[in-house]
Amino acid sequence: MTTRVNTIIVGGGQAGLAVSYFLSLQGREHLVLEQAAAPAEAWRNHRWDSFTLNTPNWQSALPGAPHARDPDAFMSRAEIIAYLERYAERLPMRYNTRVIGIERDARWGSYVVTTVDGESFVTRNVVIATGLYQRPNIPAFAAEFPAEVLQIHSDDYRNPQALPKGAVLVVGSAQSGAQIAEELYEAGRKVFLAVGRAGRTPRHYRGRDANWWSEKLGIYERTVDQLPSPRAKFAGKPHISGTRGGHTLDLHQFARDGVTLLGRLESVENCVVRLRSDLHDNLAAADRAEAEFVRSVDAYVVNAGMLVPEETLPVLRDGFDQKILTELNLSAAGITNIIWATGYAFDFSMVRLPVTDDDGFPIQTRGVTAFRGLFFVGLPWLHTAKSGLIYGLNEDARYIADRIAGQSAISEREQAITFPPPKGAALLQPEPSRAATGWTDRVMTLIGLSALSLTSDGFASATGLYPPPPHDPPQQIESIIAPADATARQR
């Protein structure tokens, strides 16, 4: 079956939903194709049970759907799922629809989107909103570990009780690795943590959340061209957590609590893991990141003449007291589990056009590609530091929707006669939406690009600030979601 529709959005996560929201406001025909059976798939089936967003509510609201609860609170996994489910209810969604190919038909200036079930859609515009986390990234030498050691990616981790008895080796110390390691050792597990170069940001400092200060420092508004290198957009997220109301994660505290810190893993042979001797260097880098962040905040306070309390953060050095290991015998250490918190690989091969660079990242300017009508949204550093966060979708999704509006107007004028529907095509009539009718580069590098501290690792994680900044939308728009609390306070 072939269906004709003006715009197809591939991916029903928060980015795709945000674009659909703005297209619905414009009254533009479109359809969101989601391969899962329900909204919030990434949060529902690819996050551990106790997962909590690392961005506070004022940074975690999709356009048109302000939160009813405390703007400084952090949503749990269950709350994120419920929030996205409500958001999707009034949008034109098609579930259980996996897209496997997007091709361009230059004759008609259109695209053909095909699904795994053989269905196809002919469309003038395609928005790729699948995110940057298609496949868990596990190093090839993982195959050399003993078969009796359970290996899972953080994508499959759920809780400490689900793991076999024994010690756990967590590989990777960015947000997922650090949070999982903390949960495991607090549950009584012996934990070994292989530490990378991710920085550390204090959760709170001088009476405010770190993300509040990052907003004041202009970190979220940094554009991609200001990065030190193209690959910097893939940097690990700093240690920080939204659990227990939000708290700082410090590897030195982990060491004080009994976690064995290691350098990076290099290889494994005969049950012996070989490690780099870079542990102390990595710990020092995390310490410098926090110190530089603090200095930047202090300077901002002075320059702005703010009256906020003085604060001196605790200085821990327990990690430096641990011996640097270059080898670790898994059997002698009692390690029966390995959790790979090593990020994800991305794959845009479904787009059968030359649209990616040498890293496989889309070639685009603010989500707009060189192919008319083909767009990307919801990627880290698509335009600014907040593009990969829910916080950045209000701007990025509206920008793409506005480009589609202009594109559609041009196409209608140019091809109103020359764009016939394919044979046997059915005109899609989606249910209409009810809402339709300076700070330095050094700071950015040292704090590990803290603006990426989304959710999670990134799927994640836009419309407010406490105190609230001026809103970006040029007009007031009715929320597409009824507040969970009818007495929701307005900020």
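Just so it is clear, the model here is predicted, and its values are computed rather than measured.

Considerations on the pairing of strand β4 (residues 99-105)
Here comes step 1: Pairing of β4 with strand β5 (residues 110-115), which is carried by six bridges, proceeds in the antiparallel orientation. Bridge pairing in β5 places Val99 opposite Thr115.
Here comes step 2: In this structure, the hairpin formed by β4 and β5 is closed by a connection of four residues, where Gly109 is found at a positive phi of approximately 65°.

Topic: the packing of aromatic side chains
Here comes step 1: Enumeration according to the criterion identifies 19 aromatic pairs in this entry.
Here comes step 2: Taken together, a centroid distance of 5.2 Å and an interplanar angle of 85° make the contact between Trp48 and Phe51 edge-to-face. No difference in accessibility class separates Trp48 from Phe51, as the two residues are buried.
Here comes step 3: Ring centres of Tyr220 and Tyr391 lie 5.4 Å apart, and the angle between their planes is 85°; this geometry places the pair in the edge-to-face category. With Tyr220 in the loop between α5 (210-216) and α6 (251-256) and Tyr391 in the loop between β19 (374-376) and α10 (393-415), the pair connects residues that are 171 residues apart, well separated along the chain. Per residue, the accessibility class of Tyr220 equals that of Tyr391, and both read buried.
Here comes step 4: In textbook terms, an aromatic cluster arises when at least three aromatic residues are bridged by ring pairs, as seen for Phe234, Phe346, Phe348, Phe361 and Phe376.
Here comes step 5: For Lys386, the ring lying beneath its charged end belongs to Tyr391, and the centroid distance is 4.9 Å.

Comments concerning the pattern of salt bridges
Here comes step 1: Taken as a whole, this structure holds 22 salt bridges when the rule is applied.
Here comes step 2: Of the charged contacts in the structure, one is a salt bridge between Glu395 and Lys386, with a shortest N-O distance of 2.9 Å.
Here comes step 3: Residue classification places Glu395 among the partly exposed residues on the basis of a relative accessible area of 22%.
Here comes step 4: What makes Lys386 buried here is its relative accessible area of 4%.
Here comes step 5: Salt bridges here are not isolated pairs; linked through shared partners, they connect Arg200, Asp250, Asp287 and Glu290.

What counts, and at which threshold
- Residues numbered from 1 in each chain as written.
- Predicted model: local features only at pLDDT ≥ 70, side-chain atom pairs only at ≥ 80, totals over all residues.
- Heavy atoms only, no water.
- Pairing = 2+ DSSP bridges.
- Helix = DSSP H or I, 4+ residues; strand = E, 2+ residues; numbered from the N terminus.
- Phe/Tyr/Trp six-rings, centres within 6.5 Å; stacked < 30°, edge-to-face > 60°.
- Buried < 20%, exposed > 50% of the residue type's maximum accessible area, 1.4 Å probe, protein only.
- Lys NZ or Arg CZ within 6 Å of the ring centre and 35° of its normal.
- Salt bridge = Lys/Arg side-chain N within 4 Å of Asp/Glu carboxyl O.

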